[in-house]
Amino acid sequence: FNTLIWGGLGVVYYYRSFLAEQMQSLYRLIAQLLLVASVINYLVLISWLNPLFNWSLSVAETPIFNLLLLAYGAPILLFILAARFYDSQYKAIFWSLAGIAGWIFVNLEIRHLWQGDLTLVDPMLSGELYSYSLAWLLMAAGAILLGSLRQQLRLYQAGMVLLLLTIAKIFLIDLSDLTGLLRVASFMGLGLCLLGLAFTHQWLSKRGIVLSNPSSDQ
């Protein structure tokens, strides 16, 4: 709640500074302090107060609609709101925070869905391992395509980094436990996904809408 309230008030105070006839600088200072406090509080949530590391904390077994949605899902919307309506010079920072927060939320939800709880003690199941790869692959493809369509170089680059990380995970970890036909099928599936992404990128390039005039401010 602190993350959401402080961050939301920060955006409101920043908007209020444009309407105020006096004390505009004070409103903007308060907005900046509130947003910094919100980000710091979120960093505490993903580190010290993360149920994955702090075993004194627990999450209900109810899928999705639990404290993870409030603590790690809602801040994504907050960072997007700040990226769109707060000072433009911090836009890239808040878009980056939104992307990182989304990646963390997805991973925590996958762990919770497969284990029913968050802990590093229980061994990782095979299905859980492949779920991470699938989610990362979809997120990477979405970032690459959206970055291409909206001419946002940083989003495109972030998608490429996540794609490379996903490919490395699949080759070094996922496929190490597979043999025979399953290993061949996995290689073919990954290859088809990459080919589909490459053809889509080429199709967009022919229409002149793939980073022809890249923007790096978002």
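What you are looking at is a predicted structure, and each value in this text was computed from that prediction instead of being measured.

Caption draft 1: Structural view of the nonpolar core. Grouped together as the largest cluster of nonpolar side chains are 25 residues, with contacts concentrated most on Y72, F79, Y86, F94 and L108. Listing elements by their share of this core, those giving two or more residues are α1 (2-19), α2 (24-46), α3 (67-85) and α4 (91-115). Apart from residues no more than four positions distant in its own chain, Y72 is found in contact with Y42, L45, I46, L49, N50, P51, L67, A101, F105 and L108. Listed in part, the 12 residues of the second largest apolar core include I110, A140, I144 and L162.

Caption draft 2: Summary view of the pattern of salt bridges. The final tally for this structure, using the stated rule, is one salt bridge. The salt bridge involving E128 is made with R111; its shortest N-O contact spans 3.0 Å. Of this pair, E128 sits in helix α5 (residues 126-149) while R111 sits in helix α4, and the two are 17 residues apart along the sequence. Just as E128 is buried, R111 falls in that class too.

Caption draft 3: Seen up close, the confidence of the model for the protein. For the protein, per-residue confidence averages 84 on the pLDDT scale, and residues scoring 70 or more make up 87% of the total. Here helix α7 (residues 180-206) stands out as the element of the protein with the lowest mean pLDDT, 69, in contrast to α2, whose mean of 95 is the highest.

Caption draft 4: Quick peek at the packing of aromatic side chains. The final tally for this structure, using the stated rule, is eight aromatic pairs. Measuring from centroid to centroid gives 5.8 Å for Y86 and Y90, while their planes differ by 25°, and the two rings are stacked. Aromatic side chains Y86 and F94 sit 6.0 Å apart centroid to centroid with 90° between the ring planes, which places their arrangement in the edge-to-face category. Considered together, Y86 and F94 belong to a single accessibility category, that of buried residues. Aromatic rings pair up to connect Y14, F18, Y42, F79, Y86, Y90 and F94 into one cluster. If you follow R28 out to its NZ or CZ, it ends over the ring of F18, 4.6 Å from the centre.

Caption draft 5: Spotlight on α2. Compared with an ideal rise of 1.5 Å per residue, which puts 23 residues at 33 Å, α2 spans 33 Å between its outermost C-alpha atoms and is within 8% of the ideal. Restricting attention to buried positions, one finds in α2 the residues Y27, A31, L34, L35, S38, V39, N41, Y42 and L45. Where the residues of α2 are buried, they touch α1, α3 and α4.

Caption draft 6: Spotlight on the environment of A60. In this fold, A60 is placed in the loop between α2 and α3. With a relative accessible area of 45%, A60 lands in the partly exposed category. Residues A60 and H112, spaced 52 residues apart in sequence, show a C-alpha to C-alpha distance of 9.3 Å. Beyond its immediate chain neighbours, meaning those up to four positions away, A60 contacts N66 and H112.

Caption draft 7: Representation of the environment of L120. As for its placement among the helices and strands, L120 is situated in the loop between α4 and α5. Note: C-alpha distance between L120 and N54 (66 residues apart in sequence) is 9.9 Å. Here L120 is in contact with L52, F53, W55 and R111, once residues within four sequence places are set aside.

Cut-offs and rules
Per chain, residue numbering runs from 1 following the sequence as it is written. In keeping with the predicted nature of the model, local features appear solely for residues at pLDDT of at least 70, side-chain atom pairs appear and are counted solely at 80 or more, and the whole-chain, interface and lining totals rest on all residues. Note that the side-chain values use all heavy atoms of the structure and ignore hydrogens as well as water. Only buried residues count toward a nonpolar core, which is a set of Ala, Val, Leu, Ile, Met, Phe, Trp, Tyr and Cys residues joined through side-chain atoms within 4.5 Å. The cut-offs for exposure are 20% and 50% of the maximum accessible area for each residue type, with area from a 1.4 Å probe on protein chains only; residues under the lower value are buried, those over the upper are exposed, and the others partly exposed. Helix and strand assignments follow DSSP, with helices taken as H or I runs no shorter than four residues and strands as E runs no shorter than two, numbered in order from the N terminus. Contacts are assigned to residue pairs that have any heavy atoms within 4.5 Å of one another. For this document, the term salt bridge refers to a Lys or Arg side-chain nitrogen within 4 Å of an Asp or Glu carboxyl oxygen. Every residue gets a pLDDT, meaning the predictor's confidence in that residue, from 0 to 100. Only rings of Phe, Tyr and Trp enter the pairing, Trp through its six-membered ring, and a pair is recorded when the two centres are within 6.5 Å. The plane angle decides the type: under 30 degrees is stacked, over 60 is edge-to-face, the rest tilted. Only Lys NZ and Arg CZ are tested; either one counts as a charge over a ring when it is within 6 Å of the ring centre and within 35 degrees of the ring normal. Expected helix span is taken as 1.5 Å per residue step, with the number of steps being one fewer than the number of residues.

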